[in-house]
Each structure stands twice: as C-alpha cells, then as structure tokens.
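# Observations on chain architecture
Each chain, written out:
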Amino acid sequence: MPLNLVLIGPPGSGKGTQAVRIARRYNLPHISTGDILRQAIRDGTPLGREVEATIAGGALVSDELISSLVEVRLQQPDVARGFLLDGFPRTVDQARFLDTLQPDLMVIHIDVPDDEIIKRLSTRRVCRSCGLTQSVSADEATGEACPYCGGTLVRREDDDARTVKTRLTTYATFAGPLIAHYRTRPQFVPIDGVKEPDRVSDDIFRSIGAVR
Ligand code: AMP
C-alpha cells in the first residue's frame, strides 16, 4: 500500500527536519515545495524569477502556480510507493486540488506556539553545502561551520524578523481552515512539536504505524 503523507506545521516547527527523517524511514520521495522554489531561484529559471520577490517578502505564491507544480511532480514514477508532501497544501483550495489528485492521505500536523517559533527562527541556520537545518547558539551568529559536513551555515533570507512575522501571519490566516479541512478525517495525526526532535520523530513514527 502506498503511503501518502502530508506534513503541516508553521515555519520553524521542525517540519523540514522531521520530513527528512520520515522520508528516509519509509523510503519516500520528500517533496518540499519551498525547496523546489528556492532551487528554481538559485538556478535563475523563469519560475524562479517569477516567485523570487514573493518568497523574499514572506507571502504565498498563487494556488494555481504551486498546484500545477505539485501535479507535475506527483506524476513522476517514484511516487508510486507514496510520497511525503512538505509545505503543500497551505490553503484550502490547494487541499481541495490535492484531494482530486490523491484523496487517500495521512495528514500529520506538527503544532508549535508562536512565541516558541519566533525564538527558534532567529537562531535557525541552513548549511549551504548539505542543506541541513540547525540552530546556532546566538541570534547574530553567522559563518559557523556545519557540524555534519563542515559547510558554511547561513541564515535563510526569509528568516529575518520582519519576514518571519509576515510568514507567521500568513500561516495563521490559512492554517485554521486548512486544518479544519482535514481534522475530522480518521487519518489526521496531531503531533506536539514542542518536544525534543527525537521525541517528535518517535511520536510521528508511532502514529503512522497506528493509523496504518
Ligand atoms: P517553505 O520552505 O515551505 O517555508 O516555503 C518557502 C516559501 O515558498 C513560502 O513562504 C512561500 O512563499 C512559498 N511556498 C512554498 N510552498 C507553498 C505553497 N504550498 N503555497 C504557496 N506558497 C508556497
């Protein structure tokens, strides 16, 4: 049976970290719409040029654009055994569209309160080489080496304080209705994201096993 997972959570909820672990454990393609768009920006493609300003400002790109991108991705052969969607859907319209592509979904919602998110994002850095996310000791720290590969740790451009506020406001606007869309389904899994990352992973793996 394919395992079709959707991961929902605010920026800084540990969603990206957990997504990597889930994808590895269940051998699923990890489809992060944010990563796809950031790669397009780095590559300077027409898509990248189209979304660059929106992402830098912390707003959402259009439902049509992101939905057609996901539709194309879900047609790839590696998706036959299932997938892990990270960052999509973000709106009810995107969720409705996804239901038309694949109604059999397990939805994992990682919940973390706003004050904890703001604290986490100010110290979050991404490794320029291996792409792993980690937290540094001080808000202003830059240029520290990645403990995994020695690469340079950089702040994500949209992790500056003002953009984080916009992203959280955007998330708050859309998350309520999105979660309401999924909450009553038997395959909806609420997860407390304030715990240590390893405990959050344990909770997720246990819940996936139980729902399956
Ligand atoms: P993320 O890495 O998931 O936080 O995404 C980074 C940025 O990409 C977001 O702030 C949005 O501008 C854009 N983005 C990613 N996924 C979506 C989506 N499903 N709908 C709209 N915009 C998105």
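Scroll up a little and you will see the structure.
Everything in this summary refers to the structure shown in the same document.

Calculation rules
Residues numbered from 1 in each chain as written. Predicted model: local features only at pLDDT ≥ 70, side-chain atom pairs only at ≥ 80, totals over all residues. Heavy atoms only, no water. Axes fitted to C-alpha atoms, helices over the stretch in contact; angles between N-to-C directions. Helix = DSSP H or I, 4+ residues; strand = E, 2+ residues; numbered from the N terminus. Parallel < 35°, antiparallel > 145°, perpendicular 65-115°, else oblique. Contact = heavy atoms within 4.5 Å. Nonpolar A, V, L, I, M, F, W, Y, C, P; charged D, E, K, R; others polar. Disulfide = S-S within 2.5 Å. Buried < 20%, exposed > 50% of the residue type's maximum accessible area, 1.4 Å probe, protein only.

## Some thoughts on the packing of helix H2 (residues 33–43) against helix H4 (residues 63–73)
- Their axes nearest at 11 Å, the elements H2 and H4 cross at an angle of 100 degrees. Classified by the angle between their axes, H2 and H4 sit roughly perpendicular to one another. Across from Thr33, Ile36 and Leu37 in H2, the residues of H4 making contact are Leu65, Ile66, Leu69 and Val70.
- Partitioning the contact of H2 with H4 into residue classes produces six nonpolar, one polar and no charged.

## Looking at the packing of helix H5 (residues 92–101) against helix H7 (residues 161–183)
- Contact geometry of H5 with H7 gives a least axis separation of 8 Å together with a crossing angle of 30 degrees. Residues Val92, Ala95, Arg96, Leu98 and Asp99 of H5 form the contact with H7, whose own contacting residues are Pro177, Leu178, His181 and Tyr182.

## Focus on the state of the cysteines
- Overall, the coordinates contain zero disulfides when judged by the stated rule.
- Left unpaired, Cys130 is separated from the closest cysteine sulfur, that of Cys127, by 3.7 Å.
- Residue Cys130 is classed as partly exposed on the basis of its relative accessible area of 36%.

## Focus on the environment of His181
- Looking at where His181 falls in the secondary structure, it is placed in helix H7.
- Spatially, the C-alpha atoms of His181 and Val92 are 6.9 Å apart, while their sequence positions differ by 89 residues.
- When sequence neighbours within four positions are dropped, the list of residues in contact with His181 reads Val92, Ala95, Arg96 and Asp99.

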